[in-house]
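Structure assessment
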Amino acid sequence: MTWEVLNIIGTMAFAISGAIVAMEERYDIFGVYLLGYVTAFGGGAFRNLLVGLPISDIWAQGTLFTVAFVTMTIMFLIPFHWLMTWNRWGAFFDAIGLASFAVQGGLLALAAGYPLSAVIVAGVLTGCGGGIIRDLLAGRKPMVLHQEIYAMWAVLGAFIVGLGVIDTQTEIYILLAGIVMMRSLSIIYKWELPSRLNWLKLIHFKNK
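Residues numbered from 1 in each chain as written. Predicted model: local features only at pLDDT ≥ 70, side-chain atom pairs only at ≥ 80, totals over all residues. Heavy atoms only, no water.

**Re helix α3 (residues 62–77)**
Helical geometry note: an α-helix holds 3.6 residues per turn, so side chains three or four residues apart project in the same direction. Spelled out, the test is: Secondary structure is summarised from DSSP: a helix means a run of H or I of at least four residues, a strand means a run of E of at least two, and numbering begins at the N terminus for each. Here a helix's expected span is defined as the number of its residues, less one, multiplied by 1.5 Å. A 1.4 Å probe rolled over the protein chains alone gives each residue an accessible area, and that area as a share of the maximum for its type sets the label: buried under 20%, exposed over 50%, partly exposed in between. By arc we mean the arc of the directions from the helix axis to the C-beta atoms, nothing more. Residues count as neighbours in contact if any of their non-hydrogen atoms are within 4.5 Å of one another.
Over its 16 residues, α3 extends 23 Å from the first C-alpha to the last, a length consistent with the 22 Å expected when each residue adds 1.5 Å. Every buried residue of α3 is listed here: L64, V67, A68, T71, M72 and M75. Along the axis of α3, the buried residues cluster in a sector spanning 125°; they form a single face. Turned more than 90 degrees from where α3 packs its buried face, T63 and L77 sit exposed. Against the buried residues of α3 lie α1 (2–24) and α2 (29–51).

Right, dumping it as C-alpha cells:
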C-alpha cells in the first residue's frame with residue numbers, strides 16, 4: 001500500500017511540476033506532456049539504469065502513466081493566470097515529488113538487498129533525475145545544481161531509509177513530510193550549499 005501511495009503522489013507532483021515549467025516556457029501541448037512525463041518517470045529510468053534494475057519495468061506502470069496524463073490534462077486546461085504562482089506552488093509540488101521518489105527509490109534498493117551506498121544513489125536519482133531532465137529540456141540550469149539545498153534532502157531521506165530504521169507506514173510518511181518541510185524551508189530562507197562564488201564573497205566581506 002505504501003509503495004503505491006508514494007508512486008502516485010510522486011507521479012502526480014512531478015507531472016504537475018513538469019507541466020507548469022512547460023507552460024511557463026510557452027510550449028505547446030506536446031511539450032507539456034513531454035516535460036510532464038520525463039519529470040515523472042525520468043528519475044526512475046536513471047535509477048534502474050545505474051543500479052542495475054530492468055529499465056523495462058518503467059513501461060509496466062500503465063496506471064501511473066494514466067494518472068500522469070490526467071493530471072497534466074487538468075493542468076493544461078485550467079486558466080493560465082492560476083499558474084503564475086509557480087514560485088510558490090510549483091516548488092511545493094516539486095518538493096513533494098522529490099520526497100516521495102527519494103524515499104521510494106531508497107526503499108526499492110533496500111528491498112533488492114543493495115548496500116547503503118546504492119540505496120542513497122537510488123534515492124537521489126529517483127528524486128532528482130526527472131527534474132534535471134525537465135530543466136535541461138526547458139533550457140534552464142538544473143535546479144538541483146545551483147539553487148537552494150535540494151539533492152541533499154534526497155540524500156538524507158535515502159540515508160535514513162538505508163539505515164533500516166524506517167519500518168512502518170507512519171514512519172515513512174513522517175520522513176516524507178520532513179523532507180518536504182526541509183526543502184520548503186530551504187526555499188523560504190534561501191539555504192544554499194557552499195559554492196566558490198559564495199566563499200569568495202565571504203572572504204571579501206571579512207577582509208573589509
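**Topic: the UniProt feature "transmembrane region" (unreviewed entry) in the chain**
Our working rule: UniProt positions are given in the numbering used here, feature names are shortened, and annotations may be inferred rather than shown by experiment.
In this structure's numbering, the residues bearing the UniProt feature "transmembrane region" (unreviewed entry) are residues 6–23, 30–46, 58–80, 149–166 and 172–191. Helix makes up 100% of residues 6–23 and strand 0%, whereas the separation of the span's terminal C-alpha atoms amounts to 26 Å.

**Digging into the pattern of salt bridges**
Note the following rule: The term salt bridge refers to a pairing of a side-chain nitrogen on Lys or Arg with a carboxyl oxygen on Asp or Glu at a separation within 4 Å.
By the definition in use, this model includes four salt bridges. For R140, the salt bridge goes to E24, with nearest N and O atoms at 2.8 Å. In this pair, R140 sits in the loop between α5 (116–137) and α6 (143–146) while E24 sits in helix α1, placing the two residues 116 residues apart along the sequence. When its relative accessible area of 26% is taken as the criterion, R140 is described as partly exposed. You can call E24 partly exposed: its relative accessible area is 29%. Across the pair E25 and R140 runs a salt bridge whose closest N-O atoms are separated by 2.9 Å. With E25 in the loop between α1 and α2 and R140 in the loop between α5 and α6, the pair connects residues that are 115 residues apart, well separated along the chain. Its relative accessible area of 31% is what places E25 among the partly exposed residues.

**Remarks on the packing of α1 against helix α8 (residues 169–189)**
As a reminder, the rule being used: To obtain an axis, a line is fitted to C-alpha atoms, over the contacting stretch when the element is a helix, and the angle between two such axes runs from 0 to 180 degrees between their N-to-C directions. The scheme is simple: roughly parallel for angles under 35 degrees, roughly antiparallel for over 145, roughly perpendicular for 65 to 115, oblique for anything else. If you view the pair so one helix is near and one far, a crossing is left-handed when the near helix is turned anticlockwise from the far one by less than a right angle, and right-handed when it is turned clockwise.
Where α1 contacts α8, the axes come no closer than 11 Å and their chain directions differ by 20°. As far as their axial angle goes, α8 and α1 are roughly parallel. Between α1 and α8 lies a crossing of right-handed hand. For the pair α1 and α8, the contacting residues are T2, V5 and L6 in the first and Q169, I172, Y173 and L176 in the second.

**Looking at unusual backbone geometry**
Even without being glycine, R26 reaches a positive phi, approximately 60°. Positive phi outside glycine occurs at K190, with the angle close to 55°. With respect to the helices, strands and loops of the structure, K190 is situated in the loop between α8 and α9 (196–207). Residue classification places K190 among the exposed positions, given a relative accessible area of 57%.

**What to know about the side chain of T39**
Looking at the element boundaries, T39 is found in helix α2. Setting aside anything within four residues of it in sequence, one finds T39 in contact with F14, S17, G18, G130, G131 and R134.

**Some words on the environment of Y37**
Secondary-structure assignment places Y37 in helix α2. The spacing of Y37 and I16 is 21 residues in sequence and 9.7 Å in space, taken between C-alpha atoms.

**Describing the packing of helix α7 (residues 151–162) against α8**
In the contact formed by α7 and α8, the axes pass within 10 Å of each other and the chain directions differ by 160°. It follows that α7 is roughly antiparallel to α8 by the angle criterion. The two elements α7 and α8 cross, and the hand of that crossing is right-handed. The residues of α8 that touch α7, namely those facing W153, G157, I160 and V161, are L175, I179, M182, R183 and S186.

**Section: the packing of aromatic side chains**
How two aromatic rings sit relative to each other is set out by the distance from centre to centre and by the angle between their planes. As a reminder, the rule being used: Planes of paired rings set the category: under 30 degrees apart is stacked, over 60 is edge-to-face and the rest tilted, where pairs are Phe, Tyr or Trp rings (Trp by its six-membered ring) whose centres lie within 6.5 Å.
According to the stated counting rule, one finds eight aromatic pairs in the structure shown. Look at Y37 and F65: their rings are 5.6 Å apart centre to centre, the planes differ by 35°, and that puts the pair in the tilted class. Taken together, the residues Y37 in helix α2 and F65 in helix α3 connect sequence positions 28 residues apart. On the basis of relative accessible area, Y37 is assigned to the partly exposed category, the value being 22%. With a centroid separation of 6.2 Å and an interplanar angle of 20°, the aromatic rings of Y189 and W191 are classed as stacked. A relative accessible area of 32% means that W191 is categorised as partly exposed.

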